[in-house]
Structure formats: structure tokens, C-alpha cells
Amino acid sequence: MRHWITKLFDLKEGETRITLLMQGYIFLLITVLLIVKPTVNAVFLSQLGASNLPWAFLLLAVTAIISSYFYTLAVQRFRLIKVIQWSIVFFSLSFFLLSYLLHLGVLPGGVLYAYYVLIALFAVLTTSQFWLLGNTIYNAREAKRLFGFIGAGAIAGGIAGGYLTSIFVPILGNANMIIIAGVLLISCLPVLNYIYRHKLRTIVRQRVKHRVGLEKTENVSSFTIIKKSGHLTLLASIVGVGVIVAKLVDYQFSDFAQKEIPETAPLTAFFGFWFSTFNVIALLIQLFLTNKILKYIGVTSTLLLLPLGIAIGSLMVLTVPELWVLIIIKGLDGSFKQSIHKAATELSIFPIPYHLKNKAKSYIDVVVDSIATGIAGFLLLFIVKRLNLSSLYVTVIILFFLFVWLVLIYRLRGAYFNSFRKNIQRGITNDGLKNKRIKSLSAAKYVLQSKDDQQIAHFFKNASKELLFLLKGDIILCLQESSDKTKRLIINALYNFKKNTAKNEVMQLVEHSNPNLVQDALKYELTHTSISFEGFFGKYLDHTKRIVRDSALVLLAKYKKRDNTLALKFQLDNRIKAQAEEITFQHLSHKDDLLHINQVLKVIAHAEKSNYYILITQASKSEYTFLVKGAIKAMGISRNHDFIDDLLLFLRQALYEKEAIQALRKFGDTLAEHIIALYTNEELNPLMIKHLPSLLFGFTYKLPKKIVSELLYSKKINLRLETFKAIQRSQSYSKRFDFIKKGVISLILKECTYYMNTAMVLEKLREDEKNNISQSSENAASRLVDIIQKQRKDSFELLFKLLKMHYESADLDMIYTALRHGNEEAQTSSLELLENLVEFKLKNEVLGVVDYQLDRSLFSQHESLKANFETTSKCLAFLLKNRGAAVKSAVLDVILEHKYERLIPHVSKLKEHHNKKISLKATQVVDHFAASAKV
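Because the structure is a prediction, the values reported are computed rather than measured. (Residues numbered from 1 in each chain as written. Predicted model: local features only at pLDDT ≥ 70, side-chain atom pairs only at ≥ 80, totals over all residues. Heavy atoms only, no water.)

A few words now on the overall build of the protein chain. A count of helices and strands for the protein chain gives 49 helices and 0 strands. Taking contacts inside the protein chain between residues at least 6 apart in sequence as the whole, the part at least 24 apart equals 75%. Surface accessibility of the protein chain: about 43,100 Å² in total, with carbon and sulfur atoms responsible for 56%. (Helix = DSSP H or I, 4+ residues; strand = E, 2+ residues; numbered from the N terminus. Contact = heavy atoms within 4.5 Å. Areas by Shrake-Rupley, 256 points an atom, 1.4 Å probe, with all protein chains shown as cover.)

Moving on: the packing of helix H13 (residues 305-319) against helix H14 (residues 323-338). At a closest axis distance of 9 Å, the pairing of H13 and H14 adopts a crossing angle of 175°. It follows from the interaxial angle that H13 and H14 lie roughly antiparallel. Here Leu305, Leu306, Gly309, Ile310, Gly313, Ser314, Met316 and Val317 of H13 come into contact with H14, specifically with Trp324, Val325, Leu326, Ile329, Leu332, Asp333, Phe336 and Lys337. (Axes fitted to C-alpha atoms, helices over the stretch in contact; angles between N-to-C directions. Parallel < 35°, antiparallel > 145°, perpendicular 65-115°, else oblique.)

Turning to helix H10 (residues 230-260), a few remarks are in order. Between the first and last C-alpha of H10 there are 45 Å, a value that for 31 residues agrees with the 45 Å anticipated at 1.5 Å per step. For H10, a buried count of 25 out of 31 residues is recorded, marking the element as mostly surrounded by other parts of the structure. (Expected span 1.5 Å × (residues − 1). Buried < 20%, exposed > 50% of the residue type's maximum accessible area, 1.4 Å probe, protein only.)

Turning next to the pattern of salt bridges. Per the stated rule, a full pass over the model turns up 25 salt bridges. Taking the shortest distance from any N to any O, the salt bridge between Glu839 and Lys841 comes out at 3.7 Å. Judged by relative accessible area, which is 25%, Glu839 ranks as partly exposed. The closest approach of N and O atoms between Asp893 and Lys921, which form a salt bridge, is 3.1 Å. Taken together, the residues span a long stretch of sequence, with Asp893 in helix H47 (residues 885-898) and Lys921 in helix H49 (residues 916-934) at a distance of 28 residues. When its relative accessible area of 21% is taken as the criterion, Lys921 is described as partly exposed. (Salt bridge = Lys/Arg side-chain N within 4 Å of Asp/Glu carboxyl O.)

With that settled, the discussion passes to the side chain of Ser620. On the secondary structure map, Ser620 appears in helix H30 (residues 613-620). If near-sequence neighbours (up to four positions away) are discounted, Ser620 is found in contact with Val628, Ala631, Met635 and Phe650.

The next point concerns helix H19 (residues 453-462). In an α-helix, one turn spans 3.6 residues; hence positions three or four apart end up facing the same way. Looking only at H19, the buried set comprises Gln455, Ile456, Phe459 and Phe460. Down the axis of H19, the buried set is contained in an arc of 135°. They therefore lie on one face. On its buried side, H19 packs onto helix H18 (441-450), helix H20 (465-470), helix H21 (472-481) and helix H22 (484-493). The N-cap of H19, judged by a side-chain oxygen 2.9 Å from the amide nitrogen of Gln454 a few residues on, is Asp452. (Arc of directions from axis to C-beta. Polar contact = N/O pair within 3.5 Å; in protein donor to acceptor, adjacent residues only side chain to side chain.)

For the structure shown, the criterion picks out 26 aromatic pairs. Sitting over the face of the ring of Phe497, Lys472 holds its NZ or CZ atom 5.8 Å from the ring centroid. Residue placement shows Arg720 over the ring face of Tyr754; its charged tip is 4.3 Å from the ring centre. (Phe/Tyr/Trp six-rings, centres within 6.5 Å; stacked < 30°, edge-to-face > 60°. Lys NZ or Arg CZ within 6 Å of the ring centre and 35° of its normal.)

So, about a nonpolar patch on the surface. Residues Val89, Leu93, Phe96, Ile179, Val183 and Ile186 make up a contiguous nonpolar surface patch of about 460 Å² in total accessible area. Residue assignment for the nonpolar patch shows that the elements contributing at least two residues are helix H4 (80-104) and helix H7 (174-186). Position of Leu93 relative to the elements: it lies in helix H4. (Patch = residues over 30% accessible without salt bridge, like charges linked within 9 Å, V, L, I, M, F, W, Y side chains within 5 Å.)

The next thing to look at is the packing of helix H43 (residues 824-837) against helix H44 (residues 840-854). When two helices pack together, you describe them by how their axes are tilted relative to each other and by the distance separating the axes. Remark: H43 packs on H44, axes separated minimally by 11 Å, with the N-to-C direction vectors making an angle of 175°. The orientation of H43 with respect to H44, classified from their angle, is roughly antiparallel. Contact with H43, carried on its side by Gln827, Leu831, Leu834 and Glu835, involves Lys843, Val846, Leu847, Val850, Asp851 and Leu854 of H44 and no other residues of that element. Tallied by class, residues from the contact of H43 with H44 come to 6 nonpolar, 1 polar and 3 charged. (Nonpolar A, V, L, I, M, F, W, Y, C, P; charged D, E, K, R; others polar.)

What follows deals with the nonpolar core. Core analysis: the biggest nonpolar cluster contains 314 residues, and Tyr25, Phe459, Ile616, Leu784, Phe800 and Ile895 have the highest contact counts within it. For this core, the leading source of residues is helix H5 (residues 109-137), giving 18 residues. Counting residues in hydrophobic clusters, the runner-up holds 5 residues, among them Ala152, Ile159, Ala282 and Leu283. (Core = buried A, V, L, I, M, F, W, Y, C linked by side-chain atoms within 4.5 Å.)

Taken together, the side chains of Lys523, Lys558, Arg639 and Lys666 make up a positively charged region of the molecular surface. As for its position among the elements, Arg639 is in the loop between helix H31 (625-638) and helix H32 (644-650). (Lys, Arg positive; Asp, Glu negative; His and termini not counted. Charge placed at Lys NZ, Arg CZ, Asp CG, Glu CD.)

Among the secondary structure elements, Asn516 is positioned in helix H24 (residues 515-528). Assessed through its relative accessible area of 37%, Asn516 is described here as partly exposed. Distance from Asn516 to Ser551, taken between C-alpha atoms, is 8.7 Å for residues 35 residues apart in sequence.

Turning to unusual backbone geometry, a few remarks are in order. For Asn500, which is not a glycine, the phi torsion comes out positive at approximately 75°. Mapping Asn500 onto the fold places it in the loop between H22 and helix H23 (503-507). In this structure Asn500 comes out as partly exposed when scored by relative accessible area, which is 30%.

Summary statistics for the protein chain give a mean pLDDT of 83 and a share of 90% for residues scoring 70 or more. Counting interchain partners and residues more than four positions distant, the pLDDT-below-50 stretch residues 208-217 has 7 contacts. In the predicted structure, residues 429-439 sits below a pLDDT of 50 and forms 22 contacts with residues beyond four places in sequence or in another chain. (pLDDT = per-residue confidence, 0-100.)

Note that Thr31 resides in helix H2 (residues 16-48). For Thr31, a relative accessible area of 2% gives the class buried.

By the secondary structure assignment, Val518 is in helix H24. Looking at Val518, the relative accessible area reads 0%, which means it is buried. For the pair Val518 and Gln508, spaced 10 residues apart in the sequence, the C-alpha separation amounts to 9.5 Å. Filtering out sequence-adjacent residues up to four positions away, Val518 remains in contact with Leu509, Val510, His512, Ile547, Val548 and Ser551.

Bringing the environment of Phe537 into the picture now. Structurally, Phe537 can be placed in helix H25 (residues 533-540). Spatially, the C-alpha atom of Phe537 lies 8.9 Å from that of Leu555, the residues being 18 residues apart in sequence. If we skip the residues at most four places from it in the chain, Phe537 touches Leu526, Ala552, Leu555, Leu556, Leu566 and Phe570.

Rendered as C-alpha cells:
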């Protein structure tokens, strides 16, 4: 039975007992309410009549305001659990006293008014305390999953209480039913104590330990908290208007009912029957519709259903003023309010921080509710009764408030999402100053004085020009005391100031031993000081230090395209010839010689001296890595088409990948045309395909859709991710890749499937690594787990990039960051915001991925997926078939070391793989098992 309930209502391990107790607790509360409320209402109407209800409404409002003051003091002074316990005891004793008075038959008008108000306060206060308890125990995601099930207990209590009243009042009488209600209420205490001991106490301690800013609100009144929060103000207004409408509807219903059924006992039975019937309808809605509606249209849209339903019924009253129409309206109010509307209202306050919600919720549920009741009473007393209007005119007032209600709900939507955004921003962890945008002057000075290259680099990347001007002196001072890397950043920042700024400090760096720093210093003097071009080159081309002469010559070659007269005047061609003839690639043991050759290669490339390109080619074949990298850079600078194929070959060598990519990108559209020609003719090496995102995107050349689609649908997650990043970096992103947007939903669904498959494999491999794999295969298995884990991480990142393309929402960057690095509150808020952002056809898949990302225990719930990966052999076979070379290689290692002989048929297929390393390793694995079989 327990397993069936857990599965049917999506209860996780460890939640069942507390959730069932919470459901039982609210069941008892509402059962009690539905016993005492019809009884007191019936006695009140029979003795005082519906005409005195407005006075009761006004008295309720005054009483609620006074009592809220003392209740707030109690909440501030005592723990919530104590306040709830005392409330239960107080109301139980009050019910026993009411039963005694009913037995005596002594119920004067004042006592009836007092108990009418008392029952109203009992209804709002105890349920408010219960839902505040639920808000404390569960987070937003748990609440959305469980509140429907828990709320079914409230509706069942309404059914039980209503029918108990309807059946047993004629038999036992009102007085005895009130005693039963008191006993049932007292029985809530042991349930409440168990919940506190086994769940609530731990959560409260954690909340107190981790609360932020709570001390700032402890002495602030609930009214002030609500007034300062747009979200709470709108929510309080919605609750208030909803109560006014409900009271007006209740007045109409009671008025029509009393006129049709004047006797007390039949009237009591009538109320009991219909209240219970409304709750039966509410229970059916709660069990079968509430969660689906919330999931499909969201929290704020769900709030619209109740006012829209009442509006339709009110229009019917204007045309057909009969009791059965009022029963329909009251039925909509009674059933929706306790099911769909109740769940949506409780969920709408979840984005509010706990320490604010703790105060505001009770105020809204009790004071706002009661004041709204008083307003309804005032309207009835001084407008309807004073003007001697028929109760039909109440319908017009109801329609007015319904319009206000709908407008408030519409405005709540924005505030609701903004509250989630604030929670996310507050909960995203920041790793020190280096991950923050440095805006304050003191923080920036601290960073500049820290000598931390990473923080300083982040500062210069994000600092505004205004901030740089304010820190001009600190920046120049930092130039003298920083590392070479930071000095280069500072020289680049000095271009933001007037010419000749820090000229002397920069010129001192010309004598530095770092060639890159010397180059930057010379370039600054040439372009950002008052020195003339002739003066500059005359000063440095024949400098005593070779590193300075070489750097000046590089600058002269660069400026040849701009002003050839300088090249002629300072005999650039002769200087290049002299330098080129001196170059030798033999016995280059000294670093200065390697630096000199690299500078000469740059000069040749900048000057476009094709007759000396042979030197670049020779350097690219050198045994010295430093020289090969210099030659690759020179190839890129030259932009000579003949070098493209040579550079493409360097992509196959990990040591030179970075330099080769940077050099190739300098060719622009020429490179794109060349690569596409190779791809079309099937002459492109498969090992180079992984570099296509870095090489092809970002140019004006229009790429064939086939290539882009093949990259985006590749089996390799790193290739898909890098392709999409490259597309996003493209300047003409929105115009050139519209065809991707049209198919982005397909890409999102595909990525969700890829992620879940990866997650299933990862869980099985982790389990296998812990329990089954022997010590000899631990390294291979661990390496494979690391690779698969990286693929899962990349897939999650790509999924959010695809979602951002589809929805074009900046919120998705914030949501992604919070899910990856935020605290629990930020992650929960991110899920809620994402759920309201993602359309229904993507919701299950996307939220399934995000839920699993945050909670790996959900692995056990994916029965259909688990069946595909129930054994390690199935997982390894899947990886061999569907993943790239790195994964295949790691899987082959595991197969070999752990002797997975049953996978040989899968391994044999890789003997003809286009990747030679994979085909060789597969052959070795097959041969190994073949040899073992012979032995």
C-alpha cells in the first residue's frame, strides 16, 4: 500500500510519513471547521437573520486587527510550534464552552456574534499556520509536487466534516457535534509534535544558522514588509479582493437559501450537504486536475480560473436569479478555492524569502482576510441595506471586484518572476573579487595593489573608461611593480588616456628582456606619443640591442602597407635581405638566436616577401618547438594561400593546435572557401573536423547548411558545443543562421536524450566502479568516468544555449549559472522560473534533465532508460557505437583490462575505423582475446 501511494503521488524516499501526517493534520483541521462553521452559521442565521451578517463582517475586521497585534508579539517572542499548539488548545476550549452554552440554550446575540467571529478567525488562522508550516518544511519544488496531495487531505476533511454535520446533527444535535469537533482538534497536537520532532526542528535550526539579513527585519512590522514588497502588496491585494468577492457570494447564497429554507435544522442540513458536495468536487479536481493545470499554464495563470468562473456565474444571476444559479457560483467558489486556487495561492508566495514570508503570510491570511471581510460587510450594510437594494445588486458589485481581481493577477505575474530572479541573483555564489564586476574605487585600488594577475586581468577587461580615468595614477604606479603579463595589460589600457601618458615609464621597458613587452613598448611610443615616424625608426632600427632592432624592424614591416616611403627611406628590403642571409637553422642552442629568427620571420611575413617564404617553411620543420610556433604565426601573418594546407596539418598535432587555429583564422573567407572545397570533395581529414567550429564561423562567407547541420547533429558533444559557441560569436548571427532557429526544438529534444543517456551510463559506471571493477581496471574505469562526466557537463551547457536561442531570454544565462553554482534557494528558484518559461511540449524533457542534474537520486525513477543500461556491457557497447574517439579509446582499455570478452563483436567493427589509433587499438584488443582463447 505504501509503495503504491509513493509511486502514484510521486513521493520520494523519506517523505512518505511526514507528508501523510501533514495530510492528516489538515484533514482534522478542516473536518473540525466543517462541523462548527455550518452549525454556528445556521444558529446565527436562524436567530439573527442574514441582514445582520454585515455587522458580523465588520466586527470580524476590527477583531482581526486587534488580535493580529498580540499574535505578532507572540510569534516574535515564541517559536512557531508553541504558538500553533496554544492556538489549538484555545480553540478547543472555546468549542467545549460553545457546546455547554448550546446545551443550556443560552445564546444571546452578543455570544453569537463572538462565536461567528471566532469561527472565522479559526478558519483563517489555523489554516494559515498549517501552510506556513508547509512552507517551512518543503522548498518550492517539493511543495509543487506535494501540496496537491497534502491539499487533498483538506478537501477530504471538508467532505467528512460536511457529511458528518449533515447526517449526525439531526441525530445528536448541535451541542454534541461541537464536542466531537473539540476532541478532533485536540487530537492534532500529537500529530503536530511528531512532525516537529522528526522534521521541523532540524529545518528551523538550519534556517536560523544560514539566515541572511534576518536581523534587519525582526523589528519591522508585517505591514511595512508587505508595503515595501511589490510582490507581497499585489498578493495581499489579490487575497483581499478574493475575500470580498467570496463574502459577497456567501451573502447572496445565504440570503437565497434562508428565503427558500427558513427552518434551522433543514437549513443546517442544506448547508452541510452542499458544503460537502462542493468539497467532493474539489477533491476530484485536486486529485486529477490541479497538478496538470499548474504544470500546463503555470501558477499565475491558474489564479485566473476562479475569478473567471465566478464572473460567468454572476452574469447568469443577472438573467436567472434562482437559488440553483447561486449554488453553481458557490460551488465554483467552494471547489476551486480549496483546490486549484488554493494550491496556486500558496505557491505564489514561495519566491518570498523565508524570514519575510514568516511574518507576511499570517498577516495576509488573518488581517487582510478579516479587513476584506469587514469591507464586504460595510458594502452590504451601508450600500445595499441603506439603499434598500435587492441582493441582485450585489452581483454588480461582485463584477466590479472581479475586474480588479483579474488586473491584480495580471500584474502579479511580473512580480512573481522578479522575486524568483532576485532569489537567483542573491543565491549565486561569487568566487571573490575575480568573478565580480569591479565598480567601486576602493575595490579597484585593492585589486591593482594585489599583484594578482588573474584579478587584474579581470579588472581591465570589465572596467569602464570613467573608472580607468579615476585610477590613472594607481595604474601607472602598478606598471612599475607588476609582472610582465600585467605590464602588457597596462600598456594596452594607457591608450584610453591622452598621448604621452606615462611615456617615461613605458620607455624604460624598451630595455626589457621580454620581446613581447619590448614590442608593446615600442608600438606605444610610435603610436601614442609625440615622436615622428622618422624619428622613431631612426632611433631604434640601429639600436645597440638586437632585441630592440628586431622589434623596430617588425613595426617598419607592418607600416609598409600604410606608407611605403618609410620602407624605402629606411631600406627595409636591404635589411630583410641582410637578416635573411644570416639565418641558419643549425646549432641554435641559445634562446636569443631563436627569438631573433622568429622576429625575422615576422618581418618577412608582414612585408610579404614571398621570395623568403622558404625560410618560414624550413622553420616550421625545425626540431625546436619555439621556432615551429614562430613559423606558424608567420604563416598566419602572411595570409599566403599556399600555407593553408601546411597549417591544417598542424591541427593534427596537439602541441601546435592553438597556434595553428589562430594563424588559420587570419585568412578569413579565403580559409572558409578552401576548407569547404576540401569538405565537398571529401578530402578533409576526419581528425580536422573537430576544429571546424573555430575555423569556419565568424567570417562573412556564407557556410553551406549541410556543413553547419552536420556539425550541430554530430555525435561528439564537444563538436556540437563548440559549433554553437562559434555561431553565437558570429557578428551576423541572427541573419545567417535562421535555419537553425527553425529546427532548434529538434536540437533541444535531441540534447535532452543525449544528456539522459549519458547520465544513465555514468550512474552505472560509477556503481560498477565502486562495487565490481577490480583494482587492475580502476585507472581505465576512472578515466572513462571522467570523460563521460565531462560530456554530461558539456551537454547541459549546450542545452541551455539552445534554449536561449529558442526563447531569446537573458534569464536563461542566470538560470544556468544558478543551477551550476548557486545555493539551494537559487537552484529551486531557477527551476520554478524555468518551468514557467519553457513551453509545454519541451517541459517534461527539459525539466527532467534539470531535475536529474540537481538530484541524482532520481536515477531510480527512469525505469525505461535504466533498462537500456542495466548492465555494464550494455553501457560499454552503447559508448562504442555512439561516442567519439576519446570515449572509444577509454572503453577499449576497460574491455581489455576487465576482460569483457562478450563485447568482441562490437570491438571488431572498429578495426576499420577511420581513426588509426582506434583501429589499431581495436585490432590489439581482438588479437589479445584471440590469443587468450588459444591458450
